[in-house]
Amino acid sequence: MQDKAPTSAPARLTAQEIERYKRHLVLKEVGGQGQQRLKATRVLIVGAGGLGSPIALYLAAAGIGTIGIIDDDRVSLDNLQRQIAHDTTHVGEPKVESARDTIARLNPHVCVETIEARLTAENAADIIQRYDIIADGSDNIETRYLVSDACYFAKRTLVFGAVGPFDGYVSTFKPHMKDENGDPYPSYRCLFPEAPPAGTLANCAEVGVLGAVVGVIGTIQATEILKEALGIGTGLAGRLLVYDALSARFETFTVAWDPENPLSGLNPSITELARSDETHLDTCSVRG
């Protein structure tokens, strides 16, 4: 079973929301209390691109009450092959605004907080502590390490995803918590203690990516976030899910806590993040 769900106060459902979410309400694992818990949950999505798009849309459809989206990029035509939160009419516009507009059309009951900025060591701590669960939809290795480290210090659960041309990876990291054996859950740095040298990993612009593969991984991330918010099922903390699209195969590998890792090990060398400067946050009030 999952660890205890976020302790946000229950949020009352309106008549329209009860109609909208009735397929959830009949699930014994969700029900009315679970749906209220989803409405009270705040999720931050780092990146409004290929992974962030399905994450945002499925979380919005499911009734997550507040979705924060941070991205400093603008929509381009070559994004649309895989970034389904955007469309042709939004080309040239900030991705956070495009995603907000799409979510508003999908579910007006969701509050979207847009942060048109790049996540940095200077702002990460302040931004991440505002949310209950963090979804990593970034497309570069530097941001992945930053998000992981910041979540550890903020004691926030991180649902991680990454893709290659025909493959993808998902895991949940909550090294601030312990497993049933009393050991800390692994962090991203238990898998990869140090970042590879700059320029050694190709990005999707260089090697390409099958658009639907990104959708598969982002949708799995959304599912794991909902499970964490509800406190149901068996999550991916301590496990890495690998998807091979060409062979239509999923595999799951155990990931153990590494007591030598530099973040959450016994003798950590990474002990803090820089405090943030004030970052513009476009907030809203929940409608309905």
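See above for the structure.
Residues numbered from 1 in each chain as written. Predicted model: local features only at pLDDT ≥ 70, side-chain atom pairs only at ≥ 80, totals over all residues. Heavy atoms only, no water.

Draft legend 1. Molecular detail of the packing of helix H4 (residues 52-62) against helix H10 (residues 211-230). Put simply, H4 and H10 touch, their axes get as near as 8 Å, and they point 40 degrees apart. In terms of orientation, H4 lies oblique with respect to H10. Like other packed secondary-structure pairs, H4 and H10 cross with a definite hand, here right-handed. Between H4, through Pro54, Ile55, Tyr58, Leu59 and Ala62, and H10, the contact on the second element is made entirely by Val214, Gly215, Gly218, Thr219, Gln221, Ala222, Ile225 and Leu226. The residue inventory of the contact of H4 with H10, partitioned by class, reads nine nonpolar, four polar and no charged. (Axes fitted to C-alpha atoms, helices over the stretch in contact; angles between N-to-C directions. Helix = DSSP H or I, 4+ residues; strand = E, 2+ residues; numbered from the N terminus. Parallel < 35°, antiparallel > 145°, perpendicular 65-115°, else oblique. Left-handed = near helix turned anticlockwise from the far one by under 90°. Contact = heavy atoms within 4.5 Å. Nonpolar A, V, L, I, M, F, W, Y, C, P; charged D, E, K, R; others polar.)

Draft legend 2. Structural view of H10. Given a rise of 1.5 Å per residue, 20 residues ought to cover 28 Å, and the 29 Å separating the end C-alpha atoms of H10 matches this to within 8%. With 15 of 20 residues buried, H10 lies mostly within the body of the structure. Once H10 finishes, Gly231 follows within two positions and takes phi at roughly 70 degrees, a positive value. (Expected span 1.5 Å × (residues − 1). Buried < 20%, exposed > 50% of the residue type's maximum accessible area, 1.4 Å probe, protein only.)

Draft legend 3. Local environment of the pairing of strand S5 (residues 157-163). The element S5 is largely enclosed, with a buried count of six among its seven residues. Viewed along the sheet, the connection from strand S4 (residues 133-136) through helix H7 (residues 141-154) into S5 turns out right-handed. Note: S5 against strand S6 (residues 167-173), six bridges, orientation antiparallel. When the sheet's bridge partners are listed, Ala162 is paired in S6 with Tyr169. The hairpin turn running from S5 into S6, its antiparallel successor, is three residues long. (Right-handed = clockwise from strand over helix to strand, strands pointing away. Pairing = 2+ DSSP bridges.)

Draft legend 4. Representation of the nonpolar core in the model. Grouped together as the largest cluster of nonpolar side chains are 38 residues, with contacts concentrated most on Ile45, Leu59, Ile67, Ile69, Ile103 and Ile225. Of all elements in the fold, only strand S1 (42-46), H4, strand S2 (66-70), helix H5 (95-106), S4, H10 and strand S7 (239-244) reach the threshold of two or more residues within this core. Counting residues per element, this core draws most heavily on H10, at nine residues. Excluding residues within four positions of it along the chain, Leu59 makes contact with Val43, Ile45, Ile64, Ile67, Ala222, Ile225 and Leu226. Core analysis: the second largest hydrophobic core is formed by 24 residues, Val46, Ile127, Ile141 and Leu146 among them. (Core = buried A, V, L, I, M, F, W, Y, C linked by side-chain atoms within 4.5 Å.)

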